[in-house]
Amino acid sequence: MYPSLWLPLLALGITTAIPVFNQSLDTQWSQWKTQHGRVYAQDEEGQRRAVWEKNMRLIDEHNEEYSQGKRSFSLAMNAFGDMASEEFGQMMNGFVYKEQRTGELFSEPLSLQVPSSLDWREKGYVTPVKDQRRCGSCWAFSATGALEGQMFRKTGRLISLSEQNLIDCSQPQGNGGCRGGLAYQAFRYVKENGGLDSEDSYPYEGRNLPCRYNPRNSVANVTGFVRIPAREEALMKAVATVGPIAVALDASHPSFQFYKEGIYYEPDCRRKHLNHALLVVGYGFEGSEMDNNTYWLVKNSWGQKWGMHGYFKLAKDRNNHCGIVTEASYPTV
């Protein structure tokens, strides 16, 4: 049974008293419900159908502009199709922005010649894409991704780390579990706690539960954390020399909710309105290096069916687009 979201819709003022549906979409709507296991209460289905149709129109209009060369990325209907962007953001975007003033400042290598493209997945630093489900725990996935990479760098072993451990146990460091948090506060927890359990020993449940950390199952530790100056050149050097980096951005737009592929550039994106935490695993360019179609390669935590098998490309060297370098950090191990 798909959990009812009737109350959030009403709370957001999203109502359709007498919905008028496009009957040509009846088959697509039925197929979409079947594909994603949606079963609604009788008084909710009309509301959800109206939201879904609105999202379908948005996707079709965007993709028409994409086909005309006016957009650099395409959209597609996905599992979030029956969610209005406001409720989607409240449920899925769990990064609680506040300016980070602690941690060591990244020291940029002055004469470093960084490669023009890089993908840490090819070097064994990155675990498979995970799914935070309907829990605002993106910050925990961002933190484990950065720590998994640093532990691999140190030990040569890639072990999936427990986001649920962070959700349940890092409240003293300021995190709120499914209600949001910060990657660097997760790093603080691991350092002060003396370890973090593996995913296998402390599996993900996507809800706030009592802390059950077991030091016998700890497979990672943290000695400190480093923040990156808010410049794209600094982030590029950090990615090139350190590995995957925890970042955050403004993901509040429907174009991000339904991103499919291409280089994401959203004119309405803001550099300070950060609400979603992710992991930069590399960077690159499309076409030739002279075309200026550069991008950050970013791992999301919405499952492998979103975007490019769970990843997306974000416009790089475009004045800190969506705030990608505003809050970047990594742990030391």
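Structure: above.
What counts, and where the lines are drawn
Residues numbered from 1 in each chain as written. Predicted model: local features only at pLDDT ≥ 70, side-chain atom pairs only at ≥ 80, totals over all residues. Heavy atoms only, no water. Helix = DSSP H or I, 4+ residues; strand = E, 2+ residues; numbered from the N terminus. Contact = heavy atoms within 4.5 Å. Areas by Shrake-Rupley, 256 points an atom, 1.4 Å probe, with all protein chains shown as cover. Lys, Arg positive; Asp, Glu negative; His and termini not counted. Charge placed at Lys NZ, Arg CZ, Asp CG, Glu CD. 1 Å grid on protein atoms, 1.4 Å probe; cavity = no way out; pocket = protein on both sides within 12 Å on 5 of 7 lines; lining within 4 Å. Points joined across faces, edges and corners; volume = space filled by probe spheres on them. Nonpolar A, V, L, I, M, F, W, Y, C, P; charged D, E, K, R; others polar. Buried < 20%, exposed > 50% of the residue type's maximum accessible area, 1.4 Å probe, protein only. Phe/Tyr/Trp six-rings, centres within 6.5 Å; stacked < 30°, edge-to-face > 60°. Lys NZ or Arg CZ within 6 Å of the ring centre and 35° of its normal. Salt bridge = Lys/Arg side-chain N within 4 Å of Asp/Glu carboxyl O.

(A) Fine view of the overall build of the chain. Along the backbone of the chain there are nine helices and 12 strands. Oriented by its inertia axes, the alpha-carbon framework of the chain measures out at about 60 × 55 × 30 Å. Counted over contacts in the chain with a minimum sequence separation of 6, partners at least 24 positions apart contribute 76%. Summed over its atoms, the accessible surface of the chain is roughly 15,000 Å², and 49% of this surface lies on carbon and sulfur atoms. Positive and negative charge centroids in the chain, built from 36 and 37 side chains respectively, lie 5 Å apart.

(B) Quick peek at the layout of surface pockets. Roughly 490 Å³ of internal volume is contained in the largest pocket. The wall of the largest pocket is formed by 21 residues, among which His-36, Arg-38, Asn-78, Ala-79 and Phe-80 lie closest to the centre. The set of elements that each furnish at least two residues to the lining of the largest pocket consists of helix 2 (26-35) and helix 3 (42-67). Here the residues of the lining of the largest pocket sort into 10 nonpolar, six polar and five charged.

(C) Summary view of helix 7 (residues 183-193). Three or more residues of helix 7 are buried, namely Ala-183, Tyr-184, Gln-185, Ala-186, Phe-187, Tyr-189 and Val-190. Positive phi shows up at Gly-194, right after helix 7, with a value of about 85°.

(D) Highlighting the packing of aromatic side chains. Within this structure, the stated rule accounts for 24 aromatic pairs. Between Trp-29 and Tyr-40, the aromatic rings sit 6.0 Å apart at their centres with planes inclined by 5°, giving stacked as the arrangement. Placement of the pair is Trp-29 in helix 2 and Tyr-40 in the loop between helix 2 and helix 3, with a sequence separation of 11 residues. Per residue, the accessibility class of Trp-29 equals that of Tyr-40, and both read buried. Among the aromatic residues, ring-to-ring pairing joins Phe-73, Phe-80, Phe-88, Phe-256, Tyr-259, Tyr-264, Trp-302, Trp-306 and Phe-312 into one connected group. Above the plane of the ring of Tyr-265 lies Arg-318, whose end atom (NZ or CZ) is 4.1 Å from the centre.

(E) How the structure looks around the pattern of salt bridges. Summed over the entire model, instances satisfying the criterion amount to 22 salt bridges. Residue Arg-49 pairs with Glu-53 through a salt bridge whose shortest N-O separation is 2.8 Å. A residue pair is termed a helical-turn pair when its members lie 3 or 4 positions apart in one helix, as Arg-49 and Glu-53 do in helix 3 at four residues. In terms of burial, Arg-49 and Glu-53 fall into one category: buried. Within the structure, one salt-bridge network assembled from shared partners comprises Glu-108, Arg-231, Glu-233 and Lys-237.

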